[in-house]
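Here are the chains, one letter per residue:
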Amino acid sequence: NGSSTDKAPTAASQLVSEGVALVLGSYGSGVSIAGGPIFGDAGIPAIGVTCTNPQVTEGNEYYFRTCFIDPFQGTVLANYAWEQLGAQKVYMLGCSGEEYDGGVKNYFEEAFVALGGEVVDANFTENNADFSSYLNSAVSEGVDAILTPVAIQYSTAIMQQAKSMNLEIPILGSDTLDNNAVLEAAQGSNVQLYVHLLSGGWLS
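Along each chain, residues carry numbers from 1 onward, in the same order as the chain's sequence is written. Local features in this predicted model are restricted to residues whose pLDDT is 70 or higher, and side-chain atom pairs enter the listing and the counts only when it is 80 or higher, whereas totals over whole chains, interfaces and linings include all residues. Side-chain measures here rest on the full set of heavy atoms in the structure, leaving out hydrogens and waters.

1. So, the layout of surface pockets
Here comes step 1: For each structure, a 1 Å grid was placed over the protein atoms alone; sets of points admitting a 1.4 Å probe that cannot get out are labelled cavities, open sets with protein on both sides within 12 Å along at least five of seven lines are labelled pockets, and lining residues have an atom within 4 Å of a point. Grid points are joined across faces, edges and corners, and a volume is the space filled by probe spheres set on the points. Estimates place the volume of the largest pocket at around 930 Å³.
Here comes step 2: The wall of the largest pocket is formed by 34 residues, among which Gly 28, Ser 29, Glu 98, Tyr 100 and Thr 176 lie closest to the centre.
Here comes step 3: Secondary structure counts use DSSP, requiring at least four H or I residues in a row for a helix and at least two E residues in a row for a strand, with both numbered from the N terminus. Elements that contribute at least two residues to the lining of the largest pocket include exactly helix 2 (29–42), helix 4 (99–115) and helix 6 (152–164).
Here comes step 4: Broken down by element, the residue count for the lining of the largest pocket peaks at five residues, all from helix 4.

2. So, the packing of aromatic side chains
Here comes step 1: Geometry of aromatic contacts follows a simple scheme: Phe, Tyr and Trp rings, the Trp one being its six-membered ring, pair when their centres are within 6.5 Å, and the pair is stacked under 30 degrees between planes, edge-to-face over 60, tilted otherwise. Counted according to the given criterion, the structure contains nine aromatic pairs.
Here comes step 2: Seen from their ring centres, Phe 68 and Phe 72 are 5.9 Å apart, and the 40 degrees between their planes marks the pair as tilted.
Here comes step 3: Any residue under 20% of the maximum accessible area for its type is buried, any over 50% is exposed, and the rest in between are partly exposed; the area is computed with a 1.4 Å probe on protein chains only. Of the residues examined, Phe 68 reaches a relative accessible area of 11% and is grouped as buried.
Here comes step 4: Classification of Phe 72 as partly exposed rests on a relative accessible area of 44%.
Here comes step 5: Between Phe 131 and Tyr 154 the ring centres are 6.3 Å apart and the planes differ by 75 degrees, which places this aromatic pair in the edge-to-face class. Remark: Tyr 154 occurs in helix 6 and Phe 131 occurs in the loop between strand 5 (118–124) and helix 5 (132–141); sequence separation between them is 23 residues. Residue Phe 131 shares its accessibility class with Tyr 154, and that shared class is buried.
Here comes step 6: Grouped by ring-pair contacts, the aromatic residues Phe 124, Phe 131, Tyr 134 and Tyr 154 constitute a single cluster.

3. Details of the packing of helix 3 (residues 70–84) against helix 4
Here comes step 1: Axes, fitted as lines to C-alpha atoms, cover a helix only where it is in contact. Angles between the N-to-C directions of the axes lie from 0 to 180 degrees. At a minimum axis distance of 7 Å, the contact between helix 3 and helix 4 shows a crossing angle of 50 degrees. Viewed along their axes, helix 3 and helix 4 adopt a mutual orientation that is oblique. Handedness of the crossing formed by helix 3 with helix 4: right-handed. Residues Asp 70, Pro 71, Gln 73, Gly 74, Thr 75, Leu 77, Ala 78, Asn 79, Ala 81 and Trp 82 of helix 3 form the contact with helix 4, whose participating residues are Tyr 100, Val 104, Tyr 107, Phe 108, Ala 111, Phe 112 and Leu 115. For this classification, under 35 degrees means roughly parallel, over 145 means roughly antiparallel, 65 to 115 means roughly perpendicular, and everything else is oblique. By convention, the crossing between two helices is left-handed when the near helix turns anticlockwise from the far helix through less than a right angle, and right-handed when the turn is clockwise. Contacts are assigned to residue pairs with any non-hydrogen atoms lying within 4.5 Å of each other.

This is the structure we're talking about:
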């Protein structure tokens, strides 16, 4: 499906027409949601590995997942920020219009505010490459941590720029930051990165 929601229904229909008995995938929630009904209508079970959006399986008894969902992940991140990092105020940075980023941030905010915390919400536009203004804004806001549940192309740039400015504020990442490229971007620096893994564990 090319990781495209527009191509997902066609790709799903092709698999159905070829008589598959089971589907593994797809990668990502958006394409899984787009193609899911076709598998459901055909009675073919599908198993997603990284589709954390609750809508993937809601109302579709043929779609399953091996990972947690975003409400759980957002709550775990909030609890970690509050209990382990001692954060009282968190800067949330995501890509505007990205359903995944917005979902994790929303669930994080709900849980973190319920604990007594405060959030500052910020969004950058698609294909943005300069995050210095956002990182400096987080510093000026006096936050205790930064939450950035973004795609690899953005998270690596954020880590590189955090490294160049010797950022001392801990950065929290969701499962999308579970990638060696993100760690390599911060290598040789004192930037603190805490990533919630798809396995349910933590990488720091």
